[in-house]
Amino acid sequence: MAHPVGHEHGHLHQHAEHDHGHEAHADHADHAGHGGRGGHGDGGASWRTAAQATLHCLTGCAIGEILGMVLGTAFGLHNGATVVLSVLLAFVFGYALTMRGVLKAGLDVRAAVKVALAADTVSILVMELIDNTVMVTVPGAMDAGLGDALFWVALAGSLALAFTLTVPVNKWMIGRGRGHAVVHAHHQH
């Protein structure tokens, strides 16, 4: 397939065996504020796009994660119960943020739920696995009180690590039209 002049390589390329719809990638790349394609052969997602999608996911996860950790710690819940509460709230808030955007774009609730599940499930799973593993393995972090710096430093570090390790996962998924790429089809332009 011939790419138009202006392609990031600056010249025409022939890819007879590669005719699987670069138009869809180009449409996704042209989405305002989400950067362009990262380079030929990378699946069509830029690092910037992946980082933005991960930041969006991290926002919902962090709200739920922090709220769950705070509530679990404040109520003196067992570590396992605190982790379960944090994970559940991370999914609730992560999905809610995505649903808010697609509902605003005109989708009905059922369609919005489907988009949120498709867009965020893997990203939230990866983030929750990473940040809860950090919280559980940092000595004393789960037993520290809300006024203890160890609790907050471990929580902030766990979320930062979760973000860093989830960006490549989201880049791979978006490049294949999965994950957060599903949301872009429903954004208002």
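Whatever comes next refers back to the structure up there.
All figures in this text were calculated on a predicted structure; none of them were measured in a lab. (Residues numbered from 1 in each chain as written. Predicted model: local features only at pLDDT ≥ 70, side-chain atom pairs only at ≥ 80, totals over all residues. Heavy atoms only, no water.)

> How should the side chain of threonine 82 be read in this particular structure?
On the secondary structure map, threonine 82 appears in helix H3 (residues 79-104). Setting aside chain neighbours within four positions, we find threonine 82 in contact with Gly68, Met69, Gly72, Thr73, Leu77 and Met142. (Helix = DSSP H or I, 4+ residues; strand = E, 2+ residues; numbered from the N terminus. Contact = heavy atoms within 4.5 Å.)

> Explain the packing of helix H4 (residues 109-137) against helix H5 (residues 149-175) here, please?
In a pair of packed helices, the angle between the axes and the distance between the axes together describe the arrangement. At their nearest, the axes of H4 and H5 sit 8 Å apart, and the two run at 150 degrees to each other. If you check the angle between H4 and H5, you find them roughly antiparallel. Both H4 and H5 take part in a crossing whose hand is right-handed. Of the residues that constitute the contact of H4 with H5, the class distribution is 16 nonpolar, 4 polar and 1 charged. (Axes fitted to C-alpha atoms, helices over the stretch in contact; angles between N-to-C directions. Parallel < 35°, antiparallel > 145°, perpendicular 65-115°, else oblique. Left-handed = near helix turned anticlockwise from the far one by under 90°. Nonpolar A, V, L, I, M, F, W, Y, C, P; charged D, E, K, R; others polar.)

> Hey, could you run me through the packing of helix H2 (residues 47-74) against H3 in this one?
Between H2 and H3, the shortest axis-to-axis distance is 7 Å and the interhelical angle comes to 145 degrees. Crossing geometry of H2 relative to H3 is assigned as right-handed.

> I would appreciate a short explanation of the packing of aromatic side chains in the present structure.
Under the definition given, this model contains 2 aromatic pairs. For the ring pair phenylalanine 91 and tyrosine 95, a centre distance of 5.7 Å and an interplane angle of 50 degrees mean the geometry is tilted. Of the two residues, phenylalanine 91 and tyrosine 95 both sit in helix H3, 4 residues apart, roughly one turn of that helix. When its relative accessible area of 15% is taken as the criterion, phenylalanine 91 is described as buried. Residue classification places tyrosine 95 among the buried residues on the basis of a relative accessible area of 16%. On the numbers, 4.9 Å between centres and 90 degrees between planes, the contact of phenylalanine 151 with tryptophan 152 is edge-to-face. Judged by its relative accessible area of 0%, phenylalanine 151 is buried. Positioned above the aromatic ring of tryptophan 47, the side-chain terminus of lysine 171 is 5.0 Å from the ring centre. (Phe/Tyr/Trp six-rings, centres within 6.5 Å; stacked < 30°, edge-to-face > 60°. Buried < 20%, exposed > 50% of the residue type's maximum accessible area, 1.4 Å probe, protein only. Lys NZ or Arg CZ within 6 Å of the ring centre and 35° of its normal.)

All we've got here are geometric facts, nothing functional implied.
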